[in-house]
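Read off the chains here:
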Amino acid sequence: MGLLDDLEGPRDLGTLDATQLGTLAEEIRVAVVAAVATHGGHLGPNLGVVELTLGLHRVFDSPHDRILFDTGHQAYVHKMLTGRAGDFDSLRQEGGLSGYPSRAESDHDTIENSHASTALSYADGLAKAYALKGDHRHVVAVVGDGALTGGMAWEALNNIAAGKDRPLVVVVNDNGRSYSPTVGGLAERLSGLRTDPRYERTLKTVKERLNAIAVVGPTAYEALHAVKRGLKDALAPQGLFEDLGLKHVGPIDGHDLDAVETALRQAKGFGGPVVVHVITEKGHGYDRAVDDVLDQMHQAVPFDLDTGEALVAPPTTWMHVFRDEVAVLAAERDDIVGITAAMLHPTGLDAFADKFPDRVFDVGIAEQHAVTSAAGLAMGGMHPVVAIYSTFLNRAFDQVLLDVALHNCAVTFVLDRAGVTGEDGASHNGMWDLSLLGIVPGLRVAAPRDGTRLRELLREAVGVDDAPTALRWPKGPVAPDLEPMAREGGVDVMVRAGAPDVLLVAAGAMVTTAVEASRDLLDQGVGVTVVDPRWLLPVAPEIVGLARDHALVATVEDSGRSGGFGAAVRGAMADAGVATPVQVHAIPQEFPVHCKRDVLLARSGLTPPAVAAAVHALLHPPAGSRAAGAKAARPNSS
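None of the values given here were measured: they were computed from a predicted structure.

*Asks:* Please give an account of the pattern of salt bridges that cites residues and values.
*Replies:* Scanning the entire structure with this criterion turns up 28 salt bridges. The partner of R265 in a salt bridge is E261, with the nearest N and O atoms 3.2 Å apart. Taken together, the residues R265 and E261, both in helix α13 (residues 257–270) and four residues apart, mark about one turn of the helix. R265 gets classed as partly exposed once you look at its relative accessible area, which sits at 44%. On the basis of relative accessibility, which here comes to 8%, the residue E261 falls in the buried class. Through salt bridges with shared partners, one network takes in R449, D450, R453, E456, E460, E483, R487, D492, D532 and R534.

Written as structure tokens, this is what we have:
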């Protein structure tokens, strides 16, 4: 039994001496590495905050004092210290421990939105609420330097600074990275804080020399503090925060627990908003993570503890196909540019950037800016390809609508991880994009069913020069190529067999599901046509024409039911006066729990047997059922 095994909660930390705390830190790192090696998860970020999290829980009284983790992927240590160390054998597994803070798991977890740059706004609101209620509680927001590239963080800091008597501590966990190295002017200033030793060295030298003068030395040194802020600004620009009126402590070595605790206690005692600048190393204590040049094992798949190698060779994903094709397109057309929001490698723009570094722009965690900057690039004669996870495009909807679409800007949005993502949790799911993009005038949305169609549709998208376009695909391995039997207009006909009983209209990766479902239906004597629209929105007139000729239309999509592709098909049919019934197969409009993607799809009825059974039940309902009565009342249906 180790110290971690005996730990029941944060208050137990107060009984440990310095040696025991060092031992505990080692045990935590071993446990984090073991859990991630088994189940996958965020490794580098958590190894980097062990001492910082120990310090937070020794200085503040959680959950009375609220500790908020921006993004939340660095909260594994926090979970271990709040009574959940024994649950890490179920990390990111269905019914087990979430990979992010979870209010359902513990009162110590306050927020679970895993989108960056939000924690400071939560903290501002909480501090205001406690002040209004006369409830003396500290609020601590832990935010990475990468998240400070998001404008929302600075909007919050501006308001936090106005609350002079509200006890709010902002801990800047500065490791120089988000997924990859933090970029931009802010990153350069923080790097100056992190690496420039001249401030402390100069102040120390002046103190030593002045104090050597017996009479005037000490007095002169005290006078020196009157210009201390000016010296900070000139040598290590801490005015970055102080210009907002925020007290600043640091930079502090984030792996020196004594220094961390001292700084946090100082901040806690101030009684108002304070920024504590902590320098940490992503992956600290595990050489394989530190030495991982790409992202310091930011998010690792299960790996061998001895070698650090992945247990299973990574498959070719949709992102890999995009990565290769966009680089080819960039070589063919010098007007194509790439934009990423701090995710150059995860979104697949790195090959493009390697070949044409001047034409790829990493804007930091600033999705709103990314989209409007893309509009400006389009106005200037370029064709931007904005590569972004589907869930993060939610943050820039206003910019898509009014900055891009209103001006008919030729911008292509590439949405990776659309649909449900599985183990990453509720706020990583990309099931909202079709509902949002479907109301944007003039925007066209495509969904490839396989790698060949991804290349094909990407080329078509960047060929549109008078309106915005978007492509969406799911997380995971790219689907095997499925060739159509025919093409009608822009619509691929995948299956046409038997009577025109049901038209299955499938979106993107769900085409494979629909084709497999058609086999079950044909075995049951149901005639089937399966089509892949390729371009989902606006709904192609060929889809409406086919719908008119069938007894039932069933749409299949890995997107939210409300306002999704099925709703768009039903609306287009209604506009054309086509009364064929429509059965929508989609994801329920709720926040899915974390579990495997295929499990979530099965629960949503998005498997071939489930789709086939639902279609058959509607076409041939059991005698005496309400559906059978409704069918009898429709003499033209079959």
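*Asks:* Please give an account of the packing of helix α4 (residues 50–59) against helix α5 (residues 76–84) that cites residues and values.
*Replies:* The interhelical angle for the contact between α4 and α5, taken along N-to-C directions, is 40 degrees, at an axis separation of 9 Å. The pairing of α4 with α5 is recorded here as oblique in orientation. Every pair of crossing elements has a handedness; the one defined by α4 and α5 is right-handed. Facing V50, T53, L54 and H57 of α4, the residues of α5 in contact are V77, H78, L81 and T82. Grouping the constituent residues of the contact of α4 with α5 by class yields four nonpolar, four polar and no charged.

*Asks:* Summarise the sheet that holds strand β1 (residues 66–69); cite the residues concerned and give the values.
*Replies:* Sheet architecture is open: five strands sit in the order β1-β2-β3-β5-β4, paired in parallel fashion. Taken across any chain shown, the strands that pair with only one partner, and hence form the sheet edges, are β1 and β4 (247–253). With direction set aside, neighbouring strand axes in the sheet form an average angle of 20 degrees. Strand direction decides the pairing type here: strand β3 (residues 168–174) and strand β5 (residues 274–279), joined by six bridges, are parallel. Each bridged residue has a counterpart across the sheet, and for V171 the counterpart in β5 is V276. The sheet contacts of helix α6 (residues 119–133) involve β1, β2 (139–144) and β3, and relative to β2 the element is tilted by about 170 degrees.

Rules and cut-offs
- Residues numbered from 1 in each chain as written.
- Predicted model: local features only at pLDDT ≥ 70, side-chain atom pairs only at ≥ 80, totals over all residues.
- Heavy atoms only, no water.
- Salt bridge = Lys/Arg side-chain N within 4 Å of Asp/Glu carboxyl O.
- Helix = DSSP H or I, 4+ residues; strand = E, 2+ residues; numbered from the N terminus.
- Buried < 20%, exposed > 50% of the residue type's maximum accessible area, 1.4 Å probe, protein only.
- Axes fitted to C-alpha atoms, helices over the stretch in contact; angles between N-to-C directions.
- Parallel < 35°, antiparallel > 145°, perpendicular 65-115°, else oblique.
- Left-handed = near helix turned anticlockwise from the far one by under 90°.
- Contact = heavy atoms within 4.5 Å.
- Nonpolar A, V, L, I, M, F, W, Y, C, P; charged D, E, K, R; others polar.
- Pairing = 2+ DSSP bridges.

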